[in-house]
Amino acid sequence: MNKLLVICGPTATGKTALGIKLAKEFNGEMVSADSRQVYRGMDIGTGKDLPLNAKYRTLNTEYADYRIGYYEIKGVRLWLYDVVGPDYKFSVADYAKCASVVIRDIWKRGKLPIVAGGTGFYIKVLVEGIGTAGAEPDWKLRRKLQSFKVAELQGILEKTCAERLRGMNESDRKNPRRLMRAIEIARQNQKPCLAGRQGKTKNQKHKLEIKKLLTIGLTSSYETLYGRIDKRVEERVRQAIVEEIEGLLGKGYTWENSALGTTIGYKEWEEHLNSLNTKYQIQNTRSIIQRWKYDEHAYARRQMTWFRKSLRGVQGYWFDITGEGWENKVTNLVAKWHDTKG
RNA sequence: GCACGGGUGGCAGAGUGGCCAAUUGCAGCAGACUGUAAAUCUGCCGGUCGUAAGACCUACGUGGGUUCGAAUCCUACACCGUGCA
C-alpha cells in the first residue's frame, strides 16, 4: 500500500519536529521538501538543525548528479538534505527525480514516507507530476532574454505561441521569468507549447503511484509566526551564520554562481560582506538582521497563500501550533488514516 | 538669548500656491505560480459608502491670517537639531 503523508506549512512551524515524532510512531521515514536544504554546506541559514554526531548514509542510484542519502536523527531517517553543492542549479525536476527514488525505496522497505517541507511547488510536483513535457532549461536562451523588457518578451511569446500568452493570467504575463520559461517551452516543443495544466501531461516517469495520501498543514496567526521567525533568526545569527557564509565564499562559491544570492538568511549579507572587504561598511548588522526577518515574514506569507490554496477543501487538516493538544489531534488523524484499508 | 535648519500618512523620505489623500521605498494585507519557487510576479494600502466611476469626512507640529484656492505664503506659540553667545 503506497501511502504518503505530507506535512506542509510556512516556515518556523515545526514541520520537521512533528515529522520525526510521527515517523517514530508510525514506522516512517522523513523526506524533506525544501528547496534550500538540498544544498551542502548551507546549514545554519536553512535551518537543518542536525545533531553534531549526525551521520550521513548514501543510497546508490542511477543519478550521478545527486548525492541521495539520509541523516539519522533520533533514530529516524531524514532524506534529501545535502543533495548537491551550492552551485548546482537545482530545480523541481531534480527534486522529483530524487524524491521519487527515495520514496519508492521507503515503500519497498515497508515503511511510511513522510514528506515535510515548505516548498509547496516541490510537494505539488511530487504528488501530481509535472506536465511541462520535460522541456529542459535553455541557458543560452535565458541569458539572451535576460535583458529584454516585459513587453518585448510578451512580443516574442506572442509570435512563438500566442495561445500560451493568452492563457496566462495578468500576473504571469508581467512576470519576465514566466514569460521566458514559456518561450523556452514553446521553442522546444512547437506543437502544444502549452505548459502545465493546459498541456498534455507527458514524460511522467517520476510520477509516484500514491494510493493513499494525507496532507497536514501546520500554521498559526501571523503574529505568532513572525515572533517565532524573529527569535529563530536571532538564534541563527548567534550560531554564526556569517562565518558559515564566509566559509562558503572562501571555497569559491559566489553570490552569483550559487544559491547564496537567492537564499534568505544569506543574500541579505551580500553587500555587507563585500563592503567589509573593501573597508566600506555600508550597512550595520542590526539592519541586515531586520531585513532578514522581514524577508522571512514575506516568505511565510507567500507560503501561506500557496498552502491555503492547495489545502482548500481539506480545512480540517490545518492545525494551529499554538492550539491546545494539537499534536494529539494530528496523531489521531494519522492513526485513523494509517489503519484504514483501501 | 541670538542665528540658521527641521518638522508630511505605521516608518523613512519627496512635494514648496490649484493637476495632493499627497511621488517613492520599507513595513503590512490579499493574490498568482507546472524545470530559477527561500525564486519571480500582480493588486491593495488615511477613514466611511460603492463592484466601479465617484462622493463625503479627517489629515502635512498647534492656533490665527492672506487667497477664489495652502502641506506649500505670512504670523504667533510650543517642540527638535546645529552654530554663536
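The structure presented is a predicted model; accordingly, all values stated were derived computationally and were not measured. (Residues numbered from 1 in each chain as written. Chains lettered and ligands numbered in written order. Predicted model: local features only at pLDDT ≥ 70, side-chain atom pairs only at ≥ 80, totals over all residues. Heavy atoms only, no water.)

Under the counting rule described, the total for this entry stands at 16 salt bridges. Among the ionic pairs, Lys21 bridges to Glu25, the shortest N-O distance being 3.4 Å. Remark: Glu25 and Lys21 occur in helix α1 (residues 15–26); sequence separation between them is 4 residues, near one turn of the helix. Classification of Glu25 as partly exposed rests on a relative accessible area of 41%. Asp43 is paired through a salt bridge with Lys48; the nearest N and O atoms lie 2.9 Å apart. (Salt bridge = Lys/Arg side-chain N within 4 Å of Asp/Glu carboxyl O. Helix = DSSP H or I, 4+ residues; strand = E, 2+ residues; numbered from the N terminus. Buried < 20%, exposed > 50% of the residue type's maximum accessible area, 1.4 Å probe, protein only.)

A word on the protein's contact with RNA strand B. Of all residues adjacent to RNA strand B, which total 49 residues, the nearest are Ser35, Thr132, Arg177, Arg291 and Lys309. Close to the protein, within 4 Å, the atoms of RNA strand B belong to sugar or phosphate groups at a rate of 61%. Here a phosphate oxygen of RNA strand B and a side-chain polar atom of Arg36 are 3.3 Å apart. Separating a sugar or linking oxygen of RNA strand B from a backbone N or O atom of Thr262 is a distance of 2.5 Å. Looking at the surface near RNA strand B, the elements that each hand over two or more residues are α2 (92–108), α3 (120–128), α6 (170–173), α7 (176–188), α8 (222–238) and α11 (285–310). (Near = heavy atom within 4 Å. Polar contact = N/O pair within 3.5 Å; in protein donor to acceptor, adjacent residues only side chain to side chain.)

Computed from the structure, the second largest pocket encloses a volume of approximately 280 Å³. What lines the second largest pocket is a set of 16 residues, among which Ile123, Glu128, Thr215, Ser310 and Leu311 lie closest to the centre. The element best represented in the lining of the second largest pocket is α3, accounting for 5 residues. For the lining of the second largest pocket, a count of residues per class yields 11 nonpolar, 3 polar and 2 charged. (1 Å grid on protein atoms, 1.4 Å probe; cavity = no way out; pocket = protein on both sides within 12 Å on 5 of 7 lines; lining within 4 Å. Points joined across faces, edges and corners; volume = space filled by probe spheres on them. Nonpolar A, V, L, I, M, F, W, Y, C, P; charged D, E, K, R; others polar.)

Our next topic: α3. Within α3, the full set of buried residues consists of Gly120, Tyr122, Ile123, Val125, Leu126 and Val127. Once α3 finishes, Gly129 follows within two positions and takes phi at roughly 85 degrees, a positive value.

Further remarks concern the environment of Tyr88. Positionally, Tyr88 belongs in the loop between β5 (76–79) and α2. In this structure, the C-alpha to C-alpha distance between Tyr88 and Tyr66, residues 22 residues apart in sequence, is 9.7 Å. With residues near it in sequence (within four places) discarded, Tyr88 still touches Tyr39, Asp65, Tyr66 and Asp94. A distance of 3.1 Å separates the side chain of Tyr88 from the side chain of Asp94, its partner in a polar contact. (Contact = heavy atoms within 4.5 Å.)

Turning our eyes to something else, we now look at helix α5 (residues 150–167). Since the α-helix turns once every 3.6 residues, residues separated by three or four places project in the same direction. Helix length check: α5, at 18 residues, gives a terminal C-alpha distance of 16 Å against a target of 26 Å (1.5 Å per residue), a shortfall beyond 12%. Maximal helix bending in α5 amounts to about 125 degrees, located at Cys161. Buried within α5 we find Leu153, Leu157, Cys161, Arg164 and Leu165. Next to the buried residues of α5 lie α4 (139–145), α6 and α7. (Expected span 1.5 Å × (residues − 1). Bend = angle between axes of the 7 residues up to and from the residue.)

Most peptide bonds adopt trans geometry, and most residues besides glycine take a negative phi value. Of note in this structure, Asn27 is not a glycine but carries a positive phi near 55 degrees. Note that Asn27 resides in the loop between α1 and β2 (28–32). Within the chain, Lys74 stands out as a residue other than glycine whose phi angle is a positive 50 degrees. The topology assignment puts Lys74 in the loop between β4 (69–73) and β5.

Averaged over all residues, the pLDDT of chain A equals 91, while 92% of them reach at least 70. Every residue in residues 198–202 is under pLDDT 50, and counting partners more than four places away or in other chains gives 7 contacts. (pLDDT = per-residue confidence, 0-100.)

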